[in-house]
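Here are the chains, one letter per residue:
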Amino acid sequence: MDALTGNELHSFEHKHIVRACAFSEDTHMLLTGGMEKILRVYDMNRPDAAPRELDKAPGSVRTVAWLHSDQSILSSCTDMGGVRLWDVRSGKIVQTLETKAPVTSAEVSQDGRFITTADGSSVKFWDANHFGLVKSYDMSCNVESASLEPKSGSKFITGGEDMWVHVYDFFTGEEIACNKGHHGPVHCVRFAPVGESYASGSEDGTIRIWPLNPANADDSEAPNANGKPKAAVVNEVARKIEGFHISKEGQAEA
């Protein structure tokens, strides 16, 4: 899809539901995964060519992400815990980051230092190079998605079944802000590339943009009467929002 016009540019056919997709860092490749338990890599320079298929995943794919300058891939499954690290060249799993619950969100930080995951009511931060667990925080409800602030890495956001978008201190886990406005569970949250705002997608069919520091925002993003930051509704659709990607240029693509 064209992020500015919404026009379809190409369609990649699959035999079953696709749950996750991600562009490579250089934007030359598209990675997909879903109910077929197959990770496919499409060459965006030859969109009509058959994709490369990696070894079959152990379960239905829930999340995918690139890391290590597109030399590695992360994936998780809907029906089992853990995040699997794939070597792109061999197409095989080389390591698993163990979690108790299925991972519903996996994000590589902009500087390549951390992997942020959400599983059950837990948000975890892993070293993206040595894969050790750096921090783990237990939330008050099940979390569907989490994202680390890209500029300083001092804050992170979560969204989940309570329909709210929470902001936390990365170093202490203390809640800084809580944004209310969605009318259904929040399935995906992501920071803008420079960290001045963040987006949330919900079961209610809306994507909302929230300012990170509402006191410094302009009048259109000023806090409401209850002192909470007012979100801009970017898009409203007839179906739930399960995920989206924010490009380096700051365009949200559902």
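Participant: Lay out the sheet that holds strand β10 (residues 122-127) with the relevant residues and their values.
Facilitator: If you walk across this open sheet you meet the 7 strands as β5-β6-β7-β8-β9-β10-β11, and the pairing is antiparallel. Lying at the two open borders of the sheet, with one neighbouring strand each, are β5 (61-67) and β11 (133-138). On average, each strand axis in the sheet is inclined to that of its neighbour by 25°, with strand direction left out of account. With 5 bridges connecting them, strand β8 (residues 92-108) and strand β9 (residues 114-119) associate as antiparallel partners. Bridge assignment links Val-108 to a residue of β9, and that residue is Ile-115.

Participant: Can you explain the packing of aromatic side chains? Please cite residues and give values.
Facilitator: Between two aromatic rings, the relevant description is the distance of the centres plus the angle of the planes. Evaluated as defined, the whole model comprises 8 aromatic pairs. With a centroid separation of 5.2 Å and an interplanar angle of 20°, the aromatic rings of Phe-156 and Tyr-168 are classed as stacked. One end of the pair, Phe-156, is in strand β13 (residues 155-160); the other, Tyr-168, is in strand β14 (residues 165-169), with 12 residues separating them in the sequence. Tyr-168 matches Phe-156 in its accessibility class, with the two residues each being buried. Their ring planes at 65° and their centres at 5.5 Å tell us that Phe-191 and Tyr-198 sit as a pair that is edge-to-face. Pair check on accessibility: Phe-191 and Tyr-198 agree, each one buried.

Conventions used here
Residues numbered from 1 in each chain as written. Predicted model: local features only at pLDDT ≥ 70, side-chain atom pairs only at ≥ 80, totals over all residues. Heavy atoms only, no water. Pairing = 2+ DSSP bridges. Helix = DSSP H or I, 4+ residues; strand = E, 2+ residues; numbered from the N terminus. Axes fitted to C-alpha atoms, helices over the stretch in contact; angles between N-to-C directions. Phe/Tyr/Trp six-rings, centres within 6.5 Å; stacked < 30°, edge-to-face > 60°. Buried < 20%, exposed > 50% of the residue type's maximum accessible area, 1.4 Å probe, protein only.

In short, geometric facts, not functional conclusions.
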